[in-house]
Structures are given as structure tokens and as C-alpha cells.
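As a plain string of letters, each chain reads:
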Amino acid sequence: MKLLRKNIEKLNLFLENYPKIGIYFPQFLIILLLGIIISYFSMNASTNMAARGIETGFGFLANKASFDIQFSLIDFDSNDSYARAYLVGLLNTLLVSGIGIFFATVIGFFVGITRLSTNILASKVAEAYIEIFRNIPLLLQIFFWYFAVLRLLPSSDNSLILFNFVFANIKGIYIPRFIWENLNYFLYGFLFSILIIYLFVSISKKKQEKTGLQVPTFTTSLIIFFTINFLVIYFGQVGLTLSYPVLETNRGLHNYMGGVSVIPELIALAFSLSLYTSTFIAECVRAGILGIDKGQKEAAASIGLSKAQILKLIVIPQALRIIIPPVTNQYLNLTKNSSLAAAIAYPDIVLVFAGTALMQTGKAIEIVSITMLTYLTLSVSISIFMNWYNKKNSIAER
Amino acid sequence: MSKIIELKDVNKWFGDFQVLKDINLTVSSKEKIVICGPSGSGKSTLIRCINRLEEHQKGDIVVDGMTLDANTKNIEKIRSEVGMVFQQFNLFPHLSILDNCTLAPIWVKKKSKKEAEELANQYLEKVQIVDQAKKFPGQLSGGQQQRAAIARALCMEPNIMLFDEPTSALDPEMIKEVLDVMVDLAKGGMTMCVVTHEMGFAKEVADRVIFMDEGSIVEEKPTDQFFNNPENERTKLFLSQILN
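Residues numbered from 1 in each chain as written. Chains lettered and ligands numbered in written order. Predicted model: local features only at pLDDT ≥ 70, side-chain atom pairs only at ≥ 80, totals over all residues. Heavy atoms only, no water.

(A) The overall build of chain B, seen in detail. When you go through chain B residue by residue, the secondary structure sums to 9 helices and 10 strands. What you see for chain B is a C-alpha radius of gyration of 18 Å, in line with the 18 Å of a compact globule of 244 residues. Across the 244 residues that make up chain B, the buried fraction comes to 57%. Sequence-distant contacts in chain B: of pairs separated by 6 or more residues, those separated by 24 or more amount to 64%. Of the side-chain charges in chain B, 30 are positive and 36 negative, and the distance between the mean point of each set is 4 Å. (Helix = DSSP H or I, 4+ residues; strand = E, 2+ residues; numbered from the N terminus. Rg over C-alpha atoms; globule rule 2.2 N^0.38 Å. Buried < 20%, exposed > 50% of the residue type's maximum accessible area, 1.4 Å probe, protein only. Contact = heavy atoms within 4.5 Å. Lys, Arg positive; Asp, Glu negative; His and termini not counted. Charge placed at Lys NZ, Arg CZ, Asp CG, Glu CD.)

What follows is the structure, given as C-alpha cells:
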């Protein structure tokens, strides 16, 4: 007992003389312990897999996938490789997340501002919207739109037709495909007109700052835009025809061919992700606007700004700084929630790669780690972009 | 002198609580009045009614010939002719001092950016912070911020200036620089309604002093009579507390 105490005193003296050792040694021990645990598990896994004759490595990515994917942004058939299947899944995930983020933001801002309206009906409707879509589980909402709404659309030969332009049936929604002639002339002409307008606007703005002379920039810009584009369309013989989807019958099966089709899985998923996430964004927007000091609005009113100008010039620029960080979280949530696609068989990266490809190849560790890394990369990219945007917005304060 | 502000039997309630009771007050053009009184006496609410940051429920308020009512166009017109300075400055933190000043001239008076900046520089010069024009409000001291807020209000070239306890949120050593600007403004012939406890300022500048208590005007007199010969007991008590 006496010896122990003596040794502890010695140790304390030693640590007093070398304080850095006292700080770093425990951390070193923890890292060492973690290293040992991780290497134990990976050794265990590789021994087991070797015993069962499972090969490891990423060589399988070049193999033929031999399965079909129902919806793809790039060409894909069963002769393509697993790597290409991964790309198809990734693009589908990006597509649905992109659509979701866009609509969730637009709806969220609109509902959030409406909820603060002095019109009781408008604010109550916005509140009801938020409470309904925020409090029902997302998966259930996806099921609702997919099974209870889109599955109830009529069969192909009986499609709902809107304005002879949109055709909706149980297999999806079809719109005409645009077929352009000399599209490149039109695009060049379009870019050229934008450039001219940009130059014109910046020159007249400088002129206004110098001389106070006000030029009707908007009207003049419209005239420039239409003149240039009309000339290009007329002389460049730019043409646009619509290729309508046509109902074809093959061995008793009706199907729309041609046109652009959007599958019901994509619609249901994008719809529910947008609605669900928009409620959270609406609450962020409301919090942001309420976070602005009342004195700011009073000061703005006292110098004669109208209600709309106060919102645009004073409230929103300041509220954005409060809104952006929590909205970033919602974007990340939406992207990760898009993996619920698997529940209604929308071919996102989880269904195609971490689902079908995993089942076929059995490369669990490789495929799951690639998929996890992919989501990590997506999320980190969104965070970096939003942090940059936030910094850009908040740098002005001091 | 012509009447520029006229309040007739103005009453206002916050819920059940009556903040203003039958207020009658007339201010002539170029007149300077100081309103004082204990806290909660309704003096801030009174001047906030003049540019309709608060709505009165009974009575008439006429500012520069325009009656204050639910007509929005009218309210914005009145607000652009009545400048206001707040206790908490309320500068816009996301805009530079210059942009704070040019905002309303550009968006309300539709001036060109150049014109608005010239105007802003002229008034920033007047309040002696033209060298701070490019800075943001958070980078300025309290006194500088309040002077910037005065310049912002002046940029709309108002006929009337309202001050709601402009020096109450300032450190003692900064009060003088703000008061100096206000004295300057008064000498330039501006119509001013000032809610303040700075009795030195009142003695130097005010034509009339108004004492309010519990929502009513208790005493209203030319400045020297107010200080030398107050009649009401509450006024006497207030003055003895504030002057010693």
C-alpha cells in the first residue's frame, strides 16, 4: 500500500514535469485500442470469406450486370457492366434528390411566408399543411402517392388526357418529345441575345449612375431579345416539331410509344420527398423571419418602404442567415431519405447497386462501402456548397 | 405659424389598458417640442402614433394636411415626410452605412444611385461620420450608429423629425455627440418632437415642453415657464427627481 502510494506520487511528479505526456498518452492509448479492434474485425472477415471461397476486390465492377433497369437517364441494358449500373443508380438518386430539393425549397418558402400572413385563412391553411405532412411518416406518404393515387390511374388504352398534351395512365405520365431542327443556331442566337442584353444593361446602369439618365432597360431588352431570336429562327430555318406519344397495341397489350415518359415511381417519390421536406423548410423560414427584430421592420416602415419592399430588402436578406444552416440539414435529410425509393422499386443507387447488384454478386463489403462513400460524398458536397453560400451571405455584417 | 401636426381627442388602448387618454396637441411648423414623463406614461406611444407605427383607436391625427386612417398610400406618403430616430438605432445590419442611407431615396423616391449617394454623403457629412460610410453598423460605436440613423432619416428630406429617447441606449460619453447633432438640426429650422430625459437639451432647444403621466398630458408650457414655474404637483415631483 505504501509502495503504491509512493509510485503514484512519483508518477504525478513526472507528469508535472512533462505535462504534454499527460495530455497525449491517453489519446494515443485510445487510438491504439481502436486500431486493434478494427484490424481484428477485418482479419476475421477476410479469414471467414477466404474459408468460404468468397473473393474480395473490386474487379466485379467490370463484369456483365445481366439485369435490366426500368428507368435510366443514360443507355443501359443487361449487357452493360456493374459499374454502369452503379452510374445509372447514382444518376437516378441525383435526379430525384435534385427535383425534391428544388420543389421543397420553393414550396417551403411559400408556405413558411404564408404561415406568417395576417390573413387568418391563409395562415391556418399553411399551418394545416405543415402539421399534416410533417407528422405522417415519409414511407407512408410515399406508399400513399404510389399505391393510393398513382396506381388508381386508368390503364393505357383509357389514359387521362390533358389538353391533348399530357397523357397519364397507370404506367406513368407521357408528354410529347421536342424535336428541333438547327437547334444549335437557335442556341447560339439565344446566347448572343443574352450577351447583348447583358452589355446593354450594364452600360445603361453605369450611365444612370453617372448622369442619372434612366433608360427603360426592361422594354429595350425585350425588344433586343425578340428581334435577334426572330431573325435567327427565320433565317437559320430553326424548326420545332412535337413527337406525340402514340398508343400502340402489341399482342393485346396497350402501350404509349414515343414522347417522353416519366415513371410513376419517380413522381410518387419526388412528390412525397418535396412535400415532406417542404414542411420542415417552411418552419425554418418562419423561424428565420420571426428571428428578425421588430425594430428592423419599424425602422424600414418609418422611412417609407412598403410592406413588400420591407420583406424583400430588409427581412429576407437578414432571415436567410438564420435559415440557411437548418435548411442545409433538410437538404441532407432529403438526399438520404431518397433511399426509401427501394420501397416502391424506383431504381435509385440503393435499389440497383446495394440491392440487385449485391444479391447477384454477394460482394457485400465492397458494394456497401461504395454506396456509403457515395452518400457521404453527396452529403459533404451539399454541406460545402451551403457553407460557402452561407458565408457569402453573412460576410457583410462586420 | 402654420400647424403641421394636429392631434384631436386621441385615445389608444393596448387590450384593456388605455395608454393614451384624450390627447390634444398641436405642433406648428419649425417648432421644437420636448415630451417628458415617467416610464409608461405613453410618451413613446404618442409619437409613434404620429407616423402610425401604432394605430390610434379614437380621435383624429392630421400630419401635414393628411389625415391618418386605414388608407395605406397615405401612410407611406406621411412616413416619407416624417423621419424617425429610435432608441435602439435600428440600423440595417446587412447594409453599409451608405446603403442604409440610400435605400429609401432609391426605392421610395426613385432617385438614381448617384443622386442618392450624393445626398447621403451630404447628410453623413452633417452628422460627421462621412468617413465611416463604407463600414457596417456593427463596426461603429453607439454614438456613431445613432448619428448614422439620424442621417438615414434625413436622407428622405422630411419636414418633421421624431426622436424616441435617442440617447437612452448610449454610454454617457456618447450622449453629447448625438445631442450636438440634434441641436444643429434644430437650429437649421426642422420641426422636431423629441421624447427625452435630457433636460439640458430641452432648455437649450425646445420651444415647448410637454409633461405626460398615465396617458394624459398633465402640463404643457413654453420652456422657461415649464422649468421655472411648473404648476402641477406631479410635474414638480418629476422635475425635482430628474434635475437633482
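(B) Main features of the overall build of chain A. Looking only at helices and strands, chain A features 12 helices and 8 strands. Judged by the C-alpha coordinates and their principal axes, chain A covers about 100 × 75 × 45 Å. In chain A, 67% of the contacts between residues at least 6 apart in sequence involve partners at least 24 apart. Separation of charge centres in chain A, based on 30 positive and 20 negative side chains, amounts to 11 Å.

(C) A look at the confidence of the model for chain A. On average, residues of chain A score 84 in pLDDT, and 94% of them are at 70 or above. Mean pLDDT across the elements of chain A bottoms out in strand 7 (residues 253-257) of chain A (70) and peaks in helix 4 (residues 120-135) of chain A (94). (pLDDT = per-residue confidence, 0-100.)

(D) Spotlight on helix 1 (residues 2-17) of chain A. Counted at 1.5 Å a residue, the expected span for helix 1 of chain A with its 16 residues is 22 Å, and the 23 Å between its end C-alpha atoms agrees. Helix 1 of chain A sits mainly on the outside: 0 of its 16 residues count as buried. (Expected span 1.5 Å × (residues − 1).)

(E) A look at the interface of chain B and chain A. Contacts between the two partners involve 27 residues from chain B, matched on the other side by 30 residues from chain A. Each partner contributes to the roughly 2400 Å² buried at the junction of chain B and chain A, and carbon and sulfur atoms together form 58% of this total. Taken together, the connections running from chain B to chain A amount to 1 salt bridge. A:Glu298 is the partner of B:Arg48 in a salt bridge, and the nearest nitrogen-oxygen pair spans 2.6 Å. Our enumeration of links across chain B and chain A arrives at 6 residue pairs in polar contact (both at pLDDT 80 or more). The class makeup of the residues in the side of chain B that touches chain A is 13 nonpolar, 7 polar and 7 charged. (Buried area = accessible area lost by both parts, 1.4 Å probe. Salt bridge = Lys/Arg side-chain N within 4 Å of Asp/Glu carboxyl O. Polar contact = N/O pair within 3.5 Å; in protein donor to acceptor, adjacent residues only side chain to side chain. Nonpolar A, V, L, I, M, F, W, Y, C, P; charged D, E, K, R; others polar.)

(F) Local environment of a nonpolar patch on the surface. Together, A:Phe163, A:Phe165, A:Ile175, A:Phe178, A:Trp180, A:Leu183, A:Leu187, A:Leu240, A:Leu242 and A:Tyr244 make up an exposed nonpolar region whose accessible area comes to about 940 Å². Considering the arrangement of structural elements, one finds A:Trp180 in strand 4 (residues 177-181). (Patch = residues over 30% accessible without salt bridge, like charges linked within 9 Å, V, L, I, M, F, W, Y side chains within 5 Å. Areas by Shrake-Rupley, 256 points an atom, 1.4 Å probe, with all protein chains shown as cover.)

(G) Quick look at the domain arrangement of chain A. The domains assigned to chain A are domain 1 (1-34), domain 2 (82-176 + 253-391) and domain 3 (178-196 + 217-243). Each of domain 1 of chain A and domain 2 of chain A has a C-alpha centre, and these two points are 54 Å apart. (Domains from an automatic or database assignment.)

(H) Quick look at the sheet that holds strand 1 (residues 3-14) of chain B. Residue and element names in this part refer to chain B. With antiparallel pairing, 4 strands are arranged side by side in an open sheet as 2-1-4-5. Each end of this open sheet is capped by a strand with a single partner; those strands are strand 2 (17-28) and strand 5 (66-67). In this sheet, strand 4 (residues 58-63) lies alongside strand 1 in antiparallel orientation, the contact comprising 5 bridges. Along strand 4, the bridge assignment pairs Lys-8 with Asp-60. (Pairing = 2+ DSSP bridges.)

(I) Spotlight on the side chain of B:Thr167. Residue and element names in this part refer to chain B. The topology assignment puts Thr-167 in the loop between strand 7 (160-164) and helix 6 (172-187). On the basis of relative accessible area, Thr-167 is assigned to the buried category, the value being 4%. Once you skip the residues sitting within four places of it in the chain, Thr-167 turns out to touch Ile-175, Val-178, Leu-179, Thr-196 and Glu-198.

(J) View of the sheet that holds strand 6 (residues 82-85) of chain B. Residues and elements named next belong to chain B. Strand order in the open sheet formed by 6 strands is 6-7-8-3-9-10, with mixed pairing between adjacent strands. If you trace the sheet from one side to the other, it starts and ends with strand 6 and strand 10 (216-222), each paired once. Adjacent strand axes in the sheet meet at a mean angle of 15° when their direction is disregarded. Pairing between strand 9 (residues 208-213) and strand 10: 6 bridges, direction antiparallel. Bridge pairing in strand 10 links Met-212 to Ile-217. (Axes fitted to C-alpha atoms, helices over the stretch in contact; angles between N-to-C directions.)

(K) Spatial organisation of the pattern of salt bridges. All names here are of chain B. Within this structure, the stated rule accounts for 24 salt bridges over all chains. For the salt bridge of Glu-157 with Lys-111, the shortest nitrogen-to-oxygen distance reads 4.0 Å. On the criterion of sequence distance, the pair formed by Glu-157 in the loop between helix 5 (142-154) and strand 7 and Lys-111 in the loop between helix 3 (97-107) and helix 4 (113-126) is long-range, its members being 46 residues apart. A salt bridge links Glu-233 to Lys-236; its shortest N-O distance comes to 3.6 Å. Taken together, the residues Glu-233 and Lys-236, both in helix 9 (residues 233-243) and 3 residues apart, mark about one turn of the helix. In this structure Lys-236 comes out as partly exposed when scored by relative accessible area, which is 36%.

(L) Geometry of the packing of aromatic side chains. Using the criterion set out here, one finds 18 aromatic pairs over all chains in the structure. Between A:Phe144 and A:Trp145, the ring centres sit 5.0 Å apart and the planes meet at 75°, which makes this aromatic pair edge-to-face. Accessibility expressed as a relative area gives 44% for A:Phe144, which makes it partly exposed. Between A:Phe385 and A:Trp388, the aromatic rings sit 5.6 Å apart at their centres with planes inclined by 40°, giving tilted as the arrangement. Here A:Phe385 and its partner A:Trp388 are both found in helix 12 (residues 364-394), 3 residues apart, which amounts to about one turn of the helix. In this structure A:Phe385 comes out as partly exposed when scored by relative accessible area, which is 48%. What links up through ring pairs into an aromatic cluster is the set A:Phe67, A:Phe76 and A:Tyr82. Above the ring of B:Phe92, the side-chain terminus of B:Arg152 is found at 4.5 Å from the ring centroid. Directly above the ring of B:Phe227 sits B:Lys203, whose terminal nitrogen or CZ lies 5.0 Å from the centroid. (Phe/Tyr/Trp six-rings, centres within 6.5 Å; stacked < 30°, edge-to-face > 60°. Lys NZ or Arg CZ within 6 Å of the ring centre and 35° of its normal.)

(M) Fine view of the packing of helix 9 (residues 294-302) of chain A against helix 10 (residues 307-337) of chain A. All names here are of chain A. Viewed as axis vectors pointing N to C, helix 9 and helix 10 meet at an angle of 155°, and their least axial separation amounts to 10 Å. Between helix 9 and helix 10, the interaxial angle falls into the category roughly antiparallel. When you trace helix 9 past helix 10, the crossing you get is right-handed. Judged by residue contacts, Gln-296, Lys-297, Ala-300 and Ala-301 of helix 9 engage Ile-310, Ile-314, Val-315 and Gln-318 from helix 10. (Parallel < 35°, antiparallel > 145°, perpendicular 65-115°, else oblique. Left-handed = near helix turned anticlockwise from the far one by under 90°.)

(N) Highlighting the pairing of strand 8 (residues 191-195) of chain B. All names here are of chain B. The buried fraction of strand 8 is high, at 5 of 5 residues. Taking every second residue as pointing to the same face, both faces of strand 8 are buried, with Thr-191, Cys-193 and Val-195 on one and Met-192 and Val-194 on the other. Of the strand pairs in this sheet, strand 3 (residues 32-36) and strand 8 are connected by 4 bridges, and their pairing is parallel. By the bridge assignment, Val-34 is partnered in strand 8 with Val-194. Summarising the sheet, strand 7 and strand 8 pair through 5 bridges and their orientation is parallel. When the sheet's bridge partners are listed, Met-161 is paired in strand 8 with Met-192. Each parallel crossover has a hand, and the one from strand 7 via helix 6 to strand 8 is right-handed. (Right-handed = clockwise from strand over helix to strand, strands pointing away.)

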